[in-house]
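A structural walkthrough
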Number of protein chains: 2
Amino acid sequence: MEQRLSMVTLGVRDMARARTFYEEGLGWALGDGVEGRVAFYQLGGMLLGLYGLEALAEDAELPLADLKPAANFGGTTLAYNVRDKATVDATLQEAEAAGATIVKPAQEVFWGGYSGYFADPDGHLWEVAFNPFWTLNDDGSVTLPAKT
Amino acid sequence: MEQRLSMVTLGVRDMARARTFYEEGLGWALGDGVEGRVAFYQLGGMLLGLYGLEALAEDAELPLADLKPAANFGGTTLAYNVRDKATVDATLQEAEAAGATIVKPAQEVFWGGYSGYFADPDGHLWEVAFNPFWTLNDDGSVTLPAKT
């Protein structure tokens, strides 16, 4: 299995609400999809997908009894890295204005960076972070330092 | 907020077990990180992170009472797209041999593709899919068709 990821799919309880957040709130451009059923967004060389939470469980053939609310913490977080601390603050403000809930206000963190978290309307967690040890390239891609 | 994603972080209950799965099982190369605490893998222009499940909840300042087991379905899935159906089958076999649990055997799916799901040792869901409508570039990146 090659070392890559094609898509992250977020299960959502209200597709219209979720699309409004990402498209009108954050200003992201909708890609190809099936109106009302699934929405895809091109993120560099990979994709973000929005899909009904129950439909996503069914797609994986998991019993609905195993379906946990996405609210709060389902074991996965997404990170959006920026180039300086001020942009962390500005991005969290932008997300909050778009309808996100600030879960953790931006602050200095133990590993030497500065970050905060917001939850999207379905509770999916996004960390907004400035990490002085990683290279954020001009195209927004991230490069790890060489392994020490 | 630009239309991009820097990292997906998976909360894990046993870092050594998770690293063995991704590194020895799937053959992925470890990037820079902090031995025993966090592991990063470069996936094209973004990163996969492994971090202790409780530490991840604490990092987001979520009460531990909100921490749900990652097992089964926490509202998010990851997708790994390949170029043909045979590679879906082969990848699922490879993952199972590496210690993954097959959640849904590979099959024709309603949207016109062919896919199956496996769960990593912490229950994080990976869909392995052949999607005839998407372009999988030589470098493994995915491009959506133009919006119709």
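Calculation notes
- Residues numbered from 1 in each chain as written.
- Chains lettered and ligands numbered in written order.
- Predicted model: local features only at pLDDT ≥ 70, side-chain atom pairs only at ≥ 80, totals over all residues.
- Helix = DSSP H or I, 4+ residues; strand = E, 2+ residues; numbered from the N terminus.
- Buried ≥ 20, exposed ≤ 12 C-beta atoms within 10 Å, placed from the backbone.
- Least-squares fit on C-alpha atoms with pLDDT ≥ 70 in both.
- Contact = placed C-beta atoms within 7 Å.
- Nonpolar A, V, L, I, M, F, W, Y, C, P; charged D, E, K, R; others polar.
- Pairing = 2+ DSSP bridges.
- Axes fitted to C-alpha atoms, helices over the stretch in contact; angles between N-to-C directions.
- Domains from an automatic or database assignment.
- Expected span 1.5 Å × (residues − 1).
- Arc of directions from axis to C-beta.
- pLDDT = per-residue confidence, 0-100.

Once that is clear, we can look at the overall build of chain A. Looking only at helices and strands, chain A has three helices and nine strands in total. Element order for chain A, N to C, with α for helix and β for strand: β-α-β-β-α-β-α-β-β-β-β-β. Each of the 148 residues in chain A was classed as buried or not, and the buried ones make up 49%.

Its rotation angle being 180°, the transformation that places chain B on chain A also includes 0.0 Å of axial translation and leaves an RMSD of 0.0 Å. Taken together, the rotation and translation describe the operation of a two-fold axis. When you check the interface residues of chain B against chain A, 100% turn up at the interface there too, and the contact is symmetric in its surfaces.

Turning next to the interface of chain B and chain A. Facing 61 residues of chain B, the contacting portion of chain A comprises 61 residues. For the side of chain B that touches chain A, the secondary-structure elements that each account for two or more residues are strand E1 (7-12), strand E2 (38-43), strand E3 (46-52), helix H2 (53-59), strand E4 (76-82), helix H3 (85-97) and strand E5 (101-108) of chain B. Residues belonging to the side of chain B that touches chain A are distributed by class as follows: 33 nonpolar, 19 polar and nine charged. Inspection of the sheet shows strand E1 (residues 7-12) of chain A paired to E4 of chain B by four bridges, in the antiparallel sense. Of the residues in E4 of chain B, the one forming a bridge with Val 8 of chain A is Leu 78 of chain B.

All right, on to the sheet that holds strand E2 (residues 38-43) of chain A then. In space, the seven strands of this open sheet follow the order E2(A)-E3(A)-E1(A)-E4(B)-E7(B)-E6(B)-E5(B), with mixed pairing throughout. Lying at the two open borders of the sheet, with one neighbouring strand each, are E2 of chain A together with E5 of chain B. Shown here is a sheet whose adjacent strand axes are inclined to one another by a mean of 20°, direction ignored. Bridge analysis of strand E6 (residues 114-119) of chain B against strand E7 (residues 125-130) of chain B gives six bridges, and the strand direction is antiparallel. Looking across to E7 of chain B, one finds that Tyr 117 of chain B is bridged to Glu 127 of chain B.

All names here are of chain A. Domain parsing of chain A yields domain 1 (1-67) and domain 2 (72-148). In this complex, domain 1 contributes 10 residues to the contact, which on the side of domain 2 involves 10 residues. A class-by-class count of the residues in the side of domain 1 that touches domain 2 yields six nonpolar, two polar and two charged.

Next up on the list: the environment of Ala 79 of chain B. Secondary-structure assignment places Ala 79 of chain B in strand E4. For Ala 79 of chain B, a count of 21 C-beta atoms within 10 Å translates into the label buried. Separated by 36 residues in sequence, Ala 79 of chain B and Ser 115 of chain B place their C-alpha atoms 9.8 Å apart. Setting aside residues up to four positions removed in sequence, Ala 79 of chain B forms contacts with Ser 6, Met 7 and Thr 9 of chain A together with Glu 127 and Ala 129 of chain B.

Bringing the sheet that holds strand E5 (residues 101-108) of chain A into the picture now. The seven strands lie next to each other as E5(A)-E6(A)-E7(A)-E4(A)-E1(B)-E3(B)-E2(B), forming an open sheet whose pairing is mixed. Only two strands of the sheet have a single partner each, and these edge strands are E5 of chain A together with E2 of chain B. Recorded for the sheet is a direction-independent mean angle of 20° between the axes of neighbouring strands. Against the sheet, helix H1 (residues 15-25) of chain B touches E1, E2 and E3 of chain B, its axis set at about 150° to E3 of chain B.

Our focus in this paragraph is helix H3 (residues 85-97) of chain A. All names here are of chain A. Under the 1.5 Å per step criterion, the end-to-end length of H3 is 19 Å for 13 residues, consistent within 8% with the ideal 18 Å. When H3 is considered as a whole, its buried residues turn out to be Val 88, Thr 91, Leu 92 and Ala 95. Projected down its long axis, H3 carries its buried residues within an arc of 100°, all on one side. Of the exposed residues in H3, those oriented more than 90 degrees away from the buried face are Ala 86 and Ala 97.

Take the pairing of E6 of chain B next. Residues and elements named next belong to chain B. Among the six residues of E6, six are classified as buried, and the element is accordingly described as predominantly covered. Taking every second residue as pointing to the same face, both faces of E6 are buried, with Tyr 114, Gly 116 and Phe 118 on one and Ser 115, Tyr 117 and Ala 119 on the other. Pairing of E5 with E6 involves five bridges; the strand directions are antiparallel. Note on E6: the bridge partner recorded for Thr 101 is Ala 119. Linkage of E5 to E6, two consecutive antiparallel strands, is achieved through a turn of five residues, within which Gly 112 is found at a positive phi near 100°.

Moving on, we get to the environment of Tyr 22 of chain A. Residue and element names in this part refer to chain A. Examined against the element boundaries, Tyr 22 turns out to sit in helix H1 (residues 15-25). By the C-beta count within 10 Å, which is 23 here, Tyr 22 ends up buried. In the structure, Tyr 22 is positioned 76 residues away from Ala 98 in sequence and 8.2 Å away in space, judged by C-alpha atoms. Discounting residues that sit within four places of it in the chain, Tyr 22 has contacts with Trp 28 and Tyr 41.

The subject of this paragraph is the confidence of the model for chain A. Residue and element names in this part refer to chain A. Of the residues in chain A, 88% have a pLDDT of 70 or more, and the chain-wide mean is 82. Looking over chain A, one finds the lowest element-wise mean pLDDT in helix H2 (residues 53-59), namely 76, and the highest in H3, namely 93. Long-range and interchain partners of residues 68-72, a stretch whose pLDDT sits below 50, account for 16 contacts in this model, where long-range means more than four residues apart. For this predicted complex, the interface confidence comes out at an ipTM of 0.78, alongside a pTM of 0.79.

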